[in-house]
Amino acid sequence: MRIIAFVGMPASGKSEASNVAREMGIPVVTMGDVIRKEVELRGADPADGGKIANELREKEGMDAIAKRCMVMIEEKMKENPSKVFVIDGVRGIAEVDYFKEHLGDGFMLVSIAIDSPIEERFDRIMSRKREDDMDNIEQLKERDTREIGWGMGEAIAASDRIIENTSTLDAYRANIRNLFEEMIAEEGK
Ligand SMILES: Nc1ncnc2c1ncn2[C@@H]1O[C@H](COP(=O)(O)OP(=O)(O)OP(=O)(O)O)[C@@H](O)[C@H]1O
C-alpha cells in the first residue's frame, strides 16, 4: 500500500491534489478534520482553527494532530482497502516523522513546488471561499509564518518527490493524476 501525503505553502494546491484523488476513487484522510472536530467540540469560531491547532501542538506535542489523525486513517483503511491512500494536511516535520514511524515504507511525502507570489495565493484563497479562510493578506502572511514555524520548510526538504504547480490548474491536475497513476501501477505489480 502507498500512502501519499502532500506538503506545501498555504494555497499551493494540496486540496486540489485531494480532489484529483477523490475523482480517481482514491481514499483521502484530511488532517484538517481533526481540527474541525475540535472547533466543533469547543463551540469555537471556525476562523480560530489555526489557533486551536497551535494550542494542541503546544499542549500535546508537535505531532498531536498526526496522532489523532492516525485513528481516522486506520478506520478508513479498514473500510476501504485501496492500493493508494492520500493524507491531506501535513504541516510539519514532526508529523512527517510520526507517519514514517507508524506507516513504514509505504509512506511517501510529496511537496508541491509553486512560484506564485503571495498576492496570487491570496487571490486564489479569496476565490475558493472556504469558511475558515482569512479575509486579508496580512492574515495570510501570519499563516505562512505560523506554518514555517511548525517546520514546513524541513518537511518540504524531507520530501521524496516534488510536483510542480507553476503553470495552469489543468497542467497541475495532470501532474497529480500522473503521479497517482504511476503509484497505482507500481502497487499493482
Ligand atoms: N495552478 C493553479 N492555477 C490557478 N488556480 C489554482 C492553481 N493551483 C491551485 N489553484 C486554486 O487555488 C486555490 C487554493 O488551492 P488549494 O485549496 O488546493 O490549496 P491548499 O494547498 O489546499 O491550501 P491550504 O493550505 O489553505 O489548505 C484553489 O481554489 C485551487 O483550485
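A quick note: this is a predicted structure, and the numbers were derived from the prediction, not measured.

Definitions and cut-offs
- Residues numbered from 1 in each chain as written.
- Predicted model: local features only at pLDDT ≥ 70, side-chain atom pairs only at ≥ 80, totals over all residues.
- Buried ≥ 20, exposed ≤ 12 C-beta atoms within 10 Å, placed from the backbone.
- Helix = DSSP H or I, 4+ residues; strand = E, 2+ residues; numbered from the N terminus.
- Pairing = 2+ DSSP bridges.
- Near = placed C-beta within 6 Å.
- Nonpolar A, V, L, I, M, F, W, Y, C, P; charged D, E, K, R; others polar.
- Axes fitted to C-alpha atoms, helices over the stretch in contact; angles between N-to-C directions.
- Parallel < 35°, antiparallel > 145°, perpendicular 65-115°, else oblique.
- Contact = placed C-beta atoms within 7 Å.
- Left-handed = near helix turned anticlockwise from the far one by under 90°.
- UniProt positions renumbered as here; feature names shortened; annotations may be inferred.

When you look at the pairing of strand β1 (residues 2–7) in this model, what are you seeing that I'm missing?
Two faces belong to every sheet, and in a regular strand the side chains alternate between them. By the criterion of burial, β1 is predominantly enclosed, with six of the six residues buried. Burial along β1 is two-sided: the residues R2, I4 and F6 and I3, A5 and V7 are all buried. Relative to strand β4 (residues 107–114), β1 runs parallel, the two being bridged by five bridges. Following the sheet pairing, V7 is matched in β4 by S111.

I tried to follow unusual backbone geometry on my own but got confused; where do I start?
Within the chain, A11 stands out as a residue other than glycine whose phi angle is a positive 65°. Its place among the elements puts A11 in the loop between β1 and α1 (14–23). At K129, a position not held by glycine, the phi torsion is positive, near 50°.

Even after reading the chapter, I still don't get the site of the ligand, so can you show me in this structure?
For the ligand, the set of nearby residues contains 14 residues, the closest of which are K14, S15, E16, R124 and R128. Counting residues per element, the ones that place at least two in the shell around the ligand are α1, α6 (118–128) and α9 (169–187). Here the element with the most residues in the shell around the ligand is α1; it accounts for three residues. Across the shell around the ligand, the residue classes break down as four nonpolar, six polar and four charged.

It is not clear to me how the packing of helix α2 (residues 32–42) against helix α4 (residues 64–79) should be interpreted in this structure. Could you clarify?
The angle between the axes and the distance between the axes are what describe a pair of packed helices. Orientation of α2 relative to α4, taken along the N-to-C sense of each, is 100°, at an axis distance of 9 Å. The angle between the axes of α2 and α4 places the two elements in the roughly perpendicular class. In this structure, α2 contributes D33, V34 and I35 to the contact, and α4 contributes I65, R68, C69 and M72. Broken down by class, the residue content of the contact of α2 with α4 amounts to five nonpolar, no polar and two charged.

Quick question: what am I supposed to make of the packing of α4 against helix α5 (residues 93–103) here?
Put simply, α4 and α5 touch, their axes get as near as 8 Å, and they point 35° apart. Along this stretch, α4 crosses α5, giving a crossing that reads as right-handed. Together, I65, A66, K67 and M70 of α4 and E95, Y98, F99 and H102 of α5 make up the contact between the two elements.

Please explain the pairing of β4 as it appears in this structure.
The sheet contact formed by β4 and strand β5 (residues 161–165) spans five bridges and is parallel. For A113, the partnering residue across the bridge sits in β5 and is E164.

Would you explain the environment of N80 in this entry?
Tracing the backbone shows N80 in the loop between α4 and β3 (84–88). C-alpha of N80 to C-alpha of D33: the two residues are 47 residues apart in sequence and 18 Å apart in space.

Could you clarify how one ought to interpret α5 in this entry?
Along an α-helix, residues three or four positions apart point the same way, because every turn accommodates 3.6 residues. Restricting attention to buried positions, one finds in α5 the residues I93, A94, E95, V96, Y98 and F99. Contacts made by the buried residues of α5 are with β1, α4, β3, β4 and α8 (152–157). Among the residues trailing α5, G104 stands out with phi positive, at a value near 70°.

Sorry, what's going on with the sheet that holds β3 here?
Hydrogen bonds along the backbone pair up the strands of a sheet, which may run parallel or antiparallel. The strand order across the open sheet formed by five strands is β2-β3-β1-β4-β5, and the pairing between neighbours is parallel. In this open sheet, the two edge strands, each paired with only one partner strand, are β2 (28–30) and β5. Adjacent strand axes in the sheet meet at a mean angle of 25° when their direction is disregarded.

Help me understand the environment of S116, please; the structure alone is not making it clear to me.
Following the sequence through the fold, S116 ends up in the loop between β4 and α6. Owing to 16 C-beta atoms within 10 Å, S116 belongs among the partly exposed residues under this scheme.

What is the right way to read the UniProt feature "binding site: ATP" (unreviewed entry) in the protein from this model?
The positions that UniProt labels "binding site: ATP" (unreviewed entry) are, in the present scheme, G8, M9, P10, A11, S12, G13, K14 and S15. Looking at the element boundaries, M9 is found in the loop between β1 and α1. Owing to 22 C-beta atoms within 10 Å, M9 belongs among the buried residues under this scheme. In contact with M9, other than residues within four places in its own chain, are I114 and D144. Within the secondary structure, P10 sits in the loop between β1 and α1.

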